[in-house]
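# Observations on the three-dimensional arrangement
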Amino acid sequence: KYSEYFEIDKNYYPEINPDSVKNPGNEWQYTYPHETFVELLSSVELMLSRENTELRKGIWIEGSYGTGKSRVVWALKNLLECSEKEFRDYFEKNHDEFKKVPDLEDKLFAQRSGKIVTVFRYNSGEITTIKKFITAVFDSVSDALDNAGIACGQYSVYFLAAHEKGPFQGSISATTPTGFHVT
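Everything numeric here is computed off the predicted structure, so don't read it as measured data.

Moving on: the layout of surface pockets. Quantified by volume, the second largest pocket comes out at close to 500 Å³. Forming the boundary of the second largest pocket are 23 residues, of which Lys-77, Glu-81, Thr-118, Phe-120 and Asn-147 lie nearest the centre. Secondary structure elements with two or more residues in the lining of the second largest pocket: helix H2 (69-81) and helix H5 (130-147). Across the lining of the second largest pocket, the residue classes break down as 11 nonpolar, five polar and seven charged.

This is the structure:
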């Protein structure tokens, strides 16, 4: 029996999709902060702090099916949006995993004080061309701004392709008539 060799966390939910994130038994806090996830959080904090112009770009996450991309992005989204108590509890619960970056918790929390709109998209496998990518980004950004209560009106979305790391590496920007800027 597998149970003789492995201990399976009964709270672990194997798939993250629009339905599973609504399941009360599936909590983002169960996401284990492995080394790559901690690096992602550090990169996000640097990006949000805008301390270095080279780090003002978005973050590209790619990998094979089933490697945990959706789970870590879902956890990141929740860390940026959750209550202070949930945020602090997550770092406290996983204290040992954050020892290498002891100031990350406070730095990341400080970045949350501004207005952050997270744009999250499930299942992008059908996006196979630049045109579909731009349309998907436009739709996702539009939905996120609408959900955040930010009046979009007409705004422009442009894409600068620079094939560095990912197939669509570049900058995507949306500006509303009121001047709100998303990059």
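Quick look at the confidence of the model for the protein now. For the protein, mean pLDDT is 77; residues scoring 70 or higher make up 79% of the total. Of all helices and strands in the protein, the one with the weakest mean pLDDT is strand E1 (residues 156-161) (37), whereas helix H3 (residues 84-93) scores best (96). Note that residues 154-183 has pLDDT below 50 and, in this model, 69 contacts with residues that lie over four places away or in other chains.

Attention now goes to the packing of aromatic side chains. Scanning all chains against the criterion turns up six aromatic pairs. Seen in terms of ring centroids, Phe-87 and Phe-91 are 5.0 Å apart; in terms of plane orientation they differ by 40 degrees. Their pairing is tilted. Of this pair, Phe-87 and Phe-91 are both found in helix H3, four residues apart, which corresponds to roughly one turn of the helix. Residues Phe-87 and Phe-91 agree in their burial class; the two are buried. Ring geometry for Phe-91 versus Phe-98: centroids 4.4 Å apart, planes at 35 degrees, classification tilted. Overall, the relative accessible area of 4% leaves Phe-91 in the buried class. Members of the aromatic cluster, each reached through a chain of ring pairs, are Trp-28, Phe-87, Tyr-90, Phe-91, Phe-98 and Phe-109.

Conventions used here
- Residues numbered from 1 in each chain as written.
- Predicted model: local features only at pLDDT ≥ 70, side-chain atom pairs only at ≥ 80, totals over all residues.
- Heavy atoms only, no water.
- 1 Å grid on protein atoms, 1.4 Å probe; cavity = no way out; pocket = protein on both sides within 12 Å on 5 of 7 lines; lining within 4 Å.
- Points joined across faces, edges and corners; volume = space filled by probe spheres on them.
- Helix = DSSP H or I, 4+ residues; strand = E, 2+ residues; numbered from the N terminus.
- Nonpolar A, V, L, I, M, F, W, Y, C, P; charged D, E, K, R; others polar.
- pLDDT = per-residue confidence, 0-100.
- Contact = heavy atoms within 4.5 Å.
- Phe/Tyr/Trp six-rings, centres within 6.5 Å; stacked < 30°, edge-to-face > 60°.
- Buried < 20%, exposed > 50% of the residue type's maximum accessible area, 1.4 Å probe, protein only.

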